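# Reading the structure
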Amino acid sequence: MLYMKPLIAPSLLSADFLNLGDDIEMVNRSEADWFHCDVMDGIFVPNISFGLPVIKAIKTKAEKPLDVHLMIQHPERFINDFKNAGADLLSVHYEVCSHLHRTLQEIKNLDMKAGIVLNPHTHVTVLENILSEADFVLLMSVNPGFGGQSFIPETFDKIKKLKEMILKKNLQTLIEVDGGIGLNNAKQLIEAGADVLVAGNAVFKNPDPSLAIKMLKNSFF
Ligand code: DX5
Ligand code: ZN
């Protein structure tokens, strides 16, 4: 088995909002690959984070793709707005999309990468008939809504099973994992088949965030 370095997507939810520009610059200069931006509506998840104007501001400084994770009801209402705000990758939760196929098409038609997010309780087999439409799948390894929660170990089995499905269908779909990720589990996540690691607290609560990113990026080797 050939292992690649994972893509690293620092989650700005854990950044210092009073000095967001400095944190964006740090990520620009680091080995990170994407900016992970968590949008919450206080209904689908029990928290409210930030929305379109903040994403727009982040875009003016970010030199890497914006990976926007929508934790909102009826995300299809805002696909255009997030494109205009600067999203390069846009992911929606399986649990809130009645017409997921159409929603993914709409995202891709606007030249963004389309992702499906699964909550911890949602089994990967629900993706059987939609997987080929997604550029990436984001597996939540905590219940969405907050940074700094503990990783749910069941995620390892979900990654392995999803990887099998992707290989069997001969797809290039990336597996992104989000929640409770740090140096203690990064290597095991890559071994299981994860391609993209999101990290909030493990990056921004570290006294040297840039080094934390470098360590995550090279955790397998
Ligand atoms: C949780 C968000 C995550 C969060 C991860 O709902 O989707 O992206 O910021 O934070 P950590 O890495 O601290 O668990
Ligand atoms: Zn997220």
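The structure reproduced in this document is the subject of the present report. Owing to the predicted nature of the structure, the values given are computational and were not obtained by experimental measurement. (Residues numbered from 1 in each chain as written. Chains lettered and ligands numbered in written order. Predicted model: local features only at pLDDT ≥ 70, side-chain atom pairs only at ≥ 80, totals over all residues. Heavy atoms only, no water.)

In this section: the layout of surface pockets. By volume, the largest pocket is sized at about 440 Å³. Considering the residues around the largest pocket, the lining is formed by 20 residues, among which Met 4, Lys 163, Leu 174, Gly 193 and Asp 195 are closest to the centre. Counting residues per element, the ones that place at least two in the lining of the largest pocket are helix H5 (155–168) and helix H6 (186–192). Among the elements that take part in the lining of the largest pocket, H5 stands out by supplying three residues, more than any other. (1 Å grid on protein atoms, 1.4 Å probe; cavity = no way out; pocket = protein on both sides within 12 Å on 5 of 7 lines; lining within 4 Å. Points joined across faces, edges and corners; volume = space filled by probe spheres on them. Helix = DSSP H or I, 4+ residues; strand = E, 2+ residues; numbered from the N terminus.)

On inspection of all chains with the given rule, the structure shows eight salt bridges. For Lys 214, the salt bridge goes to Glu 31, with nearest N and O atoms at 3.1 Å. You can see Lys 214 sitting in helix H8 (residues 209–217) and its partner Glu 31 sitting in the loop between helix H1 (20–29) and strand S2 (35–40), a full 183 residues away along the chain. Classification of Glu 31 by relative accessible area gives partly exposed; the value is 30%. (Salt bridge = Lys/Arg side-chain N within 4 Å of Asp/Glu carboxyl O. Buried < 20%, exposed > 50% of the residue type's maximum accessible area, 1.4 Å probe, protein only.)

Moving on, we come to the coordination of the zinc ion (ligand 2). Surrounding the zinc ion (ligand 2) are the protein donor atoms His 36 (NE2), Asp 38 (OD), His 69 (ND1) and Asp 178 (OD), at 2.0 to 2.3 Å. Taken together, the six donor atoms surrounding the zinc ion (ligand 2) define angles of 69 to 169° at the centre, an arrangement classified as octahedral. Of the residues examined, His 36 reaches a relative accessible area of 0% and is grouped as buried. Among the residues examined, Asp 38 registers a relative accessible area of 4% and is labelled buried. (Donors = N, O, S within 2.8 Å, 3.2 Å for Na, K, Ca; no water. Tetrahedral: all angles 85-135°; square planar, octahedral: opposite > 155°, others 65-115°.)

Spatial strand order, S1-S8-S7-S6-S5-S4-S3-S2: eight strands in an open sheet with parallel pairing. Of all strands in the sheet, those bounded by a partner on one side alone are strand S1 (7–10) and S2. Taking each pair of neighbouring strands and ignoring which way they run, the sheet shows an average axis angle of 25°. Sheet topology places strand S3 (residues 66–71) next to strand S4 (residues 89–93); four bridges connect them, and they run parallel. The residue of S4 that forms the bridge with Val 68 is Leu 90. Against the sheet, helix H4 (residues 100–109) engages S4 and strand S5 (113–118), with an angle of about 145° to S5. The sheet strands contacting H5 are S5, strand S6 (136–140) and strand S7 (174–178), and the helix crosses S7 at an angle near 165°. (Pairing = 2+ DSSP bridges. Axes fitted to C-alpha atoms, helices over the stretch in contact; angles between N-to-C directions. Contact = heavy atoms within 4.5 Å.)

Taken together, 20 residues surround ligand 1, and among them Ser 11, Asp 38, Gly 145, Asp 178 and Gly 200 come closest. Within the backbone of Gly 145, an N or O atom sits 2.7 Å from an oxygen atom of ligand 1. Within the contact set of ligand 1, an oxygen atom lies 2.9 Å away from a backbone nitrogen or oxygen of Asn 201. Its free accessible area being 380 Å², ligand 1 has 99% of it covered by the protein chains. Placement of ligand 1 is best described as lying within the second largest pocket. Within the residue set of the shell around ligand 1, elements represented by two or more residues are S2, S3 and strand S8 (196–199). (Near = heavy atom within 4 Å. Polar contact = N/O pair within 3.5 Å; in protein donor to acceptor, adjacent residues only side chain to side chain. Areas by Shrake-Rupley, 256 points an atom, 1.4 Å probe, with all protein chains shown as cover. Sits in = over half its atoms within 2 Å of the grid points.)

Our next topic: the side chain of Ser 91. Tracing the chain through its elements places Ser 91 in strand S4. Setting aside its immediate chain neighbours within four residues, Ser 91 contacts Val 68, His 69, Leu 70, Gly 115, Val 117, Phe 136 and Leu 138.

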